[in-house]
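# Observations on the model geometry
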Amino acid sequence: MTHSLQHPSSQTSNAIANHMPDLRAMRHHLHRNPEIGLSEFKTSDFVAEQLVAMGYEVTRGLGKTGIVATLRNGTSNRGVGIRADMDALPIHEETGADYASINPGIMHACGHDGHTTMLLGAAKILAERRNFDGTVHLIFQPAEENFGGARMMIEDGLFERFPCDAVFGLHNEPSLPFGQFVLRDGPIMAAVDECKITVNGYGGHGAEPQFASDPIVAGASIIMALQTVVSRNIHPLMPTVVTVGAFHAGVASNVIPETAEMLLTIRSFDPEARDELEKRIRMVAEGQAASYGMGVTLDYERGYNATINHKAETDYIANLARRFAGAENVSEMPHPSMGSEDFAYYLEKRPGAFFFLGTQRTENDPPLHHPKYDFNDDILPIGAAFWVELAEDYLKA
Ligand SMILES: [Zn+2]
Ligand SMILES: [Zn+2]
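What you see is a predicted model, and the numbers here were worked out from it, not measured in a lab.

### Things to note about the overall build of the protein
Scanning the protein for helices and strands turns up eleven helices and 16 strands. At 24 Å, the protein has a C-alpha radius of gyration in line with the 21 Å of a compact globule built from 397 residues. Overall, the protein is about 80 × 45 × 40 Å in size when its C-alpha atoms are taken along their principal axes. Counting over 397 residues, the protein shows a buried share of 56%. When the accessible surface of the protein is totalled, it reaches about 16900 Å², and 51% of it is carbon and sulfur.

Rendered as structure tokens:
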């Protein structure tokens, strides 16, 4: 299947198309050398070298391996930030690509190699044309998948040192039609929290349960009772999820173990619902365990906040995308995603919008985070051209 998007600015498209072999090679280089969050040393060197060669003022070390590349033109004091993430995942790659990961157990399975490449492609054109009035800050952030690189860069003074009137970011999405821009005003991605529950029992012989405190039975009971938290404690129109993704206990049929362990992921949008979820999960776990004469140890960790788009900037992106790709290639998300993104933190500090760009090849593309997922290179010139359009339009002379 081939796809064509009509670009109103054929100049941008042509400029990008001329760089397509470079973009593909760059993406494959990044894909071959993936690095886990906060260890993006080689990636960061590679990105910084390119940007320095293009003439950007390159600042390194925000959020450890993060980079801000700044380009000024004209006299306006307006600034815009565009973000790409650089980190990979602890997944063993199974794509069989000739540019597959050479780092065992680490893989670019979320397409951050593609995000980084598209922004580098845009950087090149922006620097060549200098067709804007103001300052472009290109933000290459670490650790989107694990440690919240966005928050770390902000804590290192990102927006004080590099003032942005607005900040924008995108994520590729293999389940969405190729070239489709998909976004929504307000909540777009959920807050994520994690919880580890350990049931503290008392081990013994499987044939003599009366002398033991069986943490497996208590754990099973906790898991069933947790299903009532969303259904009975949260407003029915308030999107929330409680998933027990892991349950570990015991090793043998005739041994009652000492402990049982559960790992939960908890998703929400509303801050009050988020608090209520934590409160009820604690009560349910402690109460269920107590009814069996046991206690629990609960390790509850707040993760990323919900990603909430700003109205004016969301409308701006939707309009720009309609001009760029045609109205038929722009759609509004009917529901927010229950996935999470640390782009949330930029939007808490500055107006902006986060959106999805469809990269589907076939109906059966492996999803993000799958060992056979591979970023679709065909979208590289489109994503790069869109970032150029955005910077040049936002900072129109
Ligand atoms: Zn991911
Ligand atoms: Zn991602």
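### Things to note about the coordination of the zinc ion (ligand 2)
Donor atoms from the polypeptide that coordinate the zinc ion (ligand 2) comprise C110 (SG), H112 (NE2) and H171 (NE2), at 2.1 to 2.3 Å from the metal. Between the zinc ion (ligand 2) and the zinc ion (ligand 1), a separation of 3.1 Å is found, and both are coordinated by C110. Taken as a pair, C110 in the loop between β3 (79-85) and α4 (112-129) and H171 in strand β5 (residues 166-173) lie far apart in primary sequence, 61 residues in all. Judged on exposure class, the residue C110 and its partner H171 are both buried.

### Some words on the side chain of D113
As for its placement among the helices and strands, D113 is situated in helix α4. When its relative accessible area of 1% is taken as the criterion, D113 is described as buried. Within the structure, D113 has its side chain in polar contact with the side chain of H31 (distance 2.8 Å).

### Here's the deal with the packing of aromatic side chains
One pass over the full model with this rule turns up 15 aromatic pairs. For the pair F355 and F386, a centre-to-centre distance of 5.6 Å together with 75 degrees between the ring planes defines the contact as edge-to-face. With a gap of 31 residues between them, F355 in strand β16 (residues 352-358) and F386 in helix α11 (residues 380-394) connect regions that are remote in the sequence.

### Section: the coordination of the zinc ion (ligand 1)
At the metal site, the zinc ion (ligand 1) is ligated by C110 (SG), E145 (OE), E145 (OE) and H369 (NE2), and these contacts range over 2.0 to 2.8 Å. Because the angles between the four donor atoms bound to the zinc ion (ligand 1) fall within 52 to 149 degrees, the donor set is best described as irregular. All donors of the zinc ion (ligand 1) belong to a single chain; written as a sequence motif, their spacing is C-x34-E-x223-H. Residue C110 is classed as buried on the basis of its relative accessible area, which comes to 6%.

### Comments concerning the packing of helix α9 (residues 311-325) against α11
Any two packed helices are characterised by the angle at which their axes cross and by the distance between the axes. Look at α9 against α11: their axes get within 11 Å of each other, and the N-to-C directions meet at 120 degrees. One way to sum up the angle between α9 and α11 is to call them oblique. Once α9 is placed against α11, the crossing between them reads as right-handed. For the pair formed by α9 and α11, the contact residues are Y316, I317, L320, A321, R323 and F324 on the first element and I382, A385, F386, E389, L390, D393 and Y394 on the second. The residue inventory of the contact of α9 with α11, partitioned by class, reads ten nonpolar, no polar and three charged.

### Some remarks on the nonpolar core
Inside soluble globular proteins, nonpolar side chains tend to come together where they are buried. Membership of the largest hydrophobic core comes to 62 residues, with the highest contact counts inside it found for L51, Y56, F140, F168, F386, W387 and L390. If you tally residues by element for this core, the top one is α11, at ten residues. Beyond its immediate sequence surroundings of up to four residues, L390 is in contact with V80, I82, F168, Y316, I317 and L320. Ranked by size, the runner-up nonpolar core spans 25 residues in total, among them A218, A260, A289 and M294.

### Observations regarding the sheet that holds strand β10 (residues 241-249)
Read across the open sheet, the four strands follow the order β10-β12-β8-β13; overall the sheet is antiparallel. Taken across any chain shown, the strands that pair with only one partner, and hence form the sheet edges, are β10 and β13 (295-302). Each strand of the sheet is rotated relative to its neighbour by a mean of 15 degrees, with strand direction disregarded. Across eight bridges, β10 lies against strand β12 (residues 259-268) in antiparallel orientation. The residue of β12 that forms the bridge with A249 is A260.

### Focus: helix α7 (residues 215-233)
End to end, α7 covers 26 Å across 19 residues, agreeing with the expected 27 Å (1.5 Å per residue, within 8%). Buried residues of α7: P215, A218, G219, S221, I222, I223, A225, L226 and V229, and no others. Where the residues of α7 are buried, they touch β8 (191-200), β10, β11 (255-256), β12, α8 (271-291) and β13.

Conventions and cut-offs
Residues numbered from 1 in each chain as written. Chains lettered and ligands numbered in written order. Predicted model: local features only at pLDDT ≥ 70, side-chain atom pairs only at ≥ 80, totals over all residues. Heavy atoms only, no water. Helix = DSSP H or I, 4+ residues; strand = E, 2+ residues; numbered from the N terminus. Rg over C-alpha atoms; globule rule 2.2 N^0.38 Å. Buried < 20%, exposed > 50% of the residue type's maximum accessible area, 1.4 Å probe, protein only. Areas by Shrake-Rupley, 256 points an atom, 1.4 Å probe, with all protein chains shown as cover. Donors = N, O, S within 2.8 Å, 3.2 Å for Na, K, Ca; no water. Polar contact = N/O pair within 3.5 Å; in protein donor to acceptor, adjacent residues only side chain to side chain. Phe/Tyr/Trp six-rings, centres within 6.5 Å; stacked < 30°, edge-to-face > 60°. Tetrahedral: all angles 85-135°; square planar, octahedral: opposite > 155°, others 65-115°. Axes fitted to C-alpha atoms, helices over the stretch in contact; angles between N-to-C directions. Parallel < 35°, antiparallel > 145°, perpendicular 65-115°, else oblique. Left-handed = near helix turned anticlockwise from the far one by under 90°. Contact = heavy atoms within 4.5 Å. Nonpolar A, V, L, I, M, F, W, Y, C, P; charged D, E, K, R; others polar. Core = buried A, V, L, I, M, F, W, Y, C linked by side-chain atoms within 4.5 Å. Pairing = 2+ DSSP bridges. Expected span 1.5 Å × (residues − 1).

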